[in-house]
Amino acid sequence: MDVEVHGTVAGGWEPVREAFARNFERLGERGAALAVYRDGRRVVDLWAGTKDVDGDGDAPWQRDTAQVVRSATKGVAAAAVLMLHERGLLDLDAPVGRYWPEFKAQDKEGVLVRHVLAHRAGLPVLDRPLSFADATDPVRAAEAVAAQAPVWEPGTDHGYHALTYGWLVDELVRRVTGKGTGEWIASEMAAPLGLDLWVGLPASEAHRVGRAGKVEGPEPSGALRARPKRSVTAAYTDPDSLTRRAFAAIDPSPDHNDPAFRTAALPAANGIATADGLARFYASLTGPVDGVRLLSPDTVERARAEESAGPDRVLVVGTRFGLGYMLHGSASPLLAPGSFGHPGRGGSLGFADPESGIALGYVTNGFRRTVTADPRAQALIRAVRECLPAS
């Protein structure tokens, strides 16, 4: 696909622009944007392609085009919990039941707040999946999670809580603030920083959001596995596996282009952001951006300290998690060993690397089959690494 790339890069960052263009030429990109900050200053701001994945070119991607970022939402929601911890409203080592007494049902008294953030709560699935109406009703969704029995002893192992993570976090935030996670993010994070980032899209911003959909691309090669292991394929095809059940906790699966989906608040799965909004958010976690910093250095160190590592009971590959963030590893390669962030299934990615001062946000309207390591995002990460001075 021949494409005109718009935007700017600072001197020395030209390889990132070239990699971004190659994603359209070689990897099937339709519409996307990329922003990179270094030490709180934007050094890359690029966009190209069509606003809608199924568009005919009449609606080009603009600088302010936003997109559903799927599970990249989790990293934003995690920051809400960590900020509440800093303010003395949530103790990471306290039982969830201290704030949410009904949650203690089904022998869940030992589930700690940190277990929720690190995917160790043992609650990646629901025995009775929720309808979309129930999933977006905070009362009914919280009741369903509170009534669920763990599928392993909480705190003893980890497995990706693909959708239940959002209901767990949302009820914790709601219990201590009286606001849903989306409302809290809007007032305490997006407003101070001027972020184009929402969990619960306002009607006034709906015109900016492109249509997303599945796209195919060439098979990856080299360091990235061209075909998944048989165990992974089996997990995603077996309707009784934890993998399939975790991703099917809402049944039927909602349409990401439905206005009702976009305006709902699902802190695990339906954040909407521009690339700059996502990158600016991560930049503000590790340093000031226009005078605003969201987390203290001590909290950042806690957030990126390894809490879970090894075979993931849901994703069926080795994963690493801190407190709400995926950490650099074979399943989700980021910039460097100290990087932390979160991908969105199918493509999008946001992360920060405190040692280099880098924060990156990548959003796309083309969802590929990837879960944690999309080849387009990986190509951009490699280009960013190339632009950094040798240590």
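Refer to the preceding data block for the structure.
Just so it is clear, the structure is predicted and the values come from calculations on it, not from any experiment.

Draft legend 1. Fine view of a positive patch on the surface. A surface patch of like charges, here positive, comprises R22, R26, R382 and R385. Looking at the positive patch, the elements with two or more residues in it are α1 (14-26) and α14 (375-387). Counting through the fold element by element, R22 comes out in helix α1.

Draft legend 2. Structural context of the side chain of T73. With respect to the secondary-structure elements, T73 resides in helix α2 (residues 73-86). A residue is classified by how much of its surface remains accessible, and T73, at 2% relative accessible area, is buried.

Draft legend 3. Region of interest: the pairing of strand β2 (residues 31-38). Across the eight residues of β2, seven count as buried, placing the element largely inside the fold. Relative to strand β3 (residues 41-49), β2 runs antiparallel, the two sharing eight bridges. In the sheet register, L34 faces β3, and the bridge partner there is L46. Connecting β2 to the antiparallel partner β3 that follows it, the hairpin turn spans two residues, and D39 within it adopts a positive phi of roughly 55°. Bridge count for β2 against strand β13 (residues 358-364) is seven bridges, and the pairing is antiparallel. Pairing of V36 across the sheet is with L360, part of β13.

Draft legend 4. The side chain of D353, seen in detail. Tracing the chain through its elements places D353 in strand β12 (residues 349-353). Within the buried set, D353 has no salt-bridge partner at all; the shortest N-O distance to an opposite charge, 5.5 Å, is to R304. For D353, the side chain forms a polar contact with the side chain of S356, separated by 2.7 Å. Contacts of D353, omitting those with residues within four sequence positions, involve L335, A336, G338, S339 and I358.

Draft legend 5. Here's a closer look at unusual backbone geometry. Cis geometry marks the peptide bond from D251 to P252, where omega comes out at 0°. Tracing the backbone shows P252 in the loop between α10 (242-247) and α11 (259-263). With a phi close to 55°, D39 is a non-glycine residue in the positive phi region. Mapped onto the elements, D39 comes out in the loop between β2 and β3. Accessibility expressed as a relative area gives 61% for D39, which makes it exposed.

Draft legend 6. Quick peek at the packing of aromatic side chains. The final tally for this structure, using the stated rule, is nine aromatic pairs. Ring plane angle 40° and centroid distance 5.0 Å describe the contact between W100 and F103, whose orientation is recorded as tilted. A relative accessible area of 1% places W100 in the buried class. A residue is classified by how much of its surface remains accessible, and F103, at 0% relative accessible area, is buried. Judged by centre distance (4.8 Å) and plane angle (75°), the ring pair of F281 and Y282 falls under edge-to-face. Ring pairs connect the aromatic residues Y160, Y236, F247 and F321, which therefore count as one cluster. Here the basic side chain of R345 rests over the ring of F247, its NZ or CZ set 4.3 Å away from the ring centre.

Draft legend 7. The arrangement of the pattern of salt bridges in detail. Under the counting rule described, the total for this entry stands at 26 salt bridges. Residue D137 is joined to R140 by a salt bridge in which the shortest nitrogen-to-oxygen separation is 3.1 Å. Take D137: its relative accessible area is 22%, and that puts it in the partly exposed class. Looking at R140, the relative accessible area reads 39%, which means it is partly exposed. Taking the shortest distance from any N to any O, the salt bridge between E306 and R320 comes out at 2.8 Å. In this pair, E306 sits in the loop between α13 (297-303) and β8 (308-311) while R320 sits in strand β9 (residues 318-321), placing the two residues 14 residues apart along the sequence. A relative accessible area of 47% places E306 in the partly exposed class. A network of salt bridges, in which partner residues are shared, links R42, D45, R63 and D276.

Criteria and thresholds
- All residue numbers refer to positions counted from 1 along the written sequence of the respective chain.
- Thresholds applied to this predicted model are a pLDDT of at least 70 for local features of residues and 80 or more for the giving and counting of side-chain atom pairs; totals over whole chains, interfaces and linings are not thresholded and use all residues.
- To obtain the side-chain values, all non-hydrogen atoms of the structure were included, while hydrogens and water were left out.
- Note on patches: the residues involved have over 30% relative accessible area and no salt bridge, like charges join within 9 Å, and the nonpolar side chains Val, Leu, Ile, Met, Phe, Trp and Tyr join within 5 Å.
- Shrake-Rupley sampling with a 1.4 Å probe provides the accessible areas, and residues are treated as covered by the protein chains on show and by no other component.
- By convention in these notes, a salt bridge is any Lys or Arg side-chain nitrogen within 4 Å of a carboxyl oxygen on Asp or Glu.
- Only four residue types enter the charge count: Lys and Arg as positive, Asp and Glu as negative, with His and the chain ends excluded.
- Taken as the charge centre is NZ of Lys, CZ of Arg, CG of Asp or CD of Glu, depending on the residue.
- Numbering of helices and strands runs from the N terminus, with a helix taken as a DSSP run of H or I at least four residues long and a strand as a DSSP run of E at least two residues long.
- Only protein chains enter the accessibility calculation, which uses a 1.4 Å probe; a residue whose area is less than 20% of its type maximum is buried, one above 50% is exposed, and one in between is partly exposed.
- Only when DSSP finds a minimum of two bridges between them are two strands counted as paired.
- Polar contacts, as used here, are pairs of N or O atoms within 3.5 Å; protein pairs need one atom able to donate a hydrogen and one able to accept it. Residues neighboring in sequence count only if both atoms are side-chain atoms.
- Contact definition: two residues touch when any of their heavy atoms are within 4.5 Å.
- Here is the rule: rings of Phe, Tyr and Trp (six-membered ring for Trp) pair when centre to centre is within 6.5 Å. Planes less than 30 degrees apart are stacked, more than 60 are edge-to-face, and the remainder are tilted.
- By definition here, charges over rings are those cases where NZ of Lys or CZ of Arg is within 6 Å of the ring centre and within 35 degrees of the ring normal.

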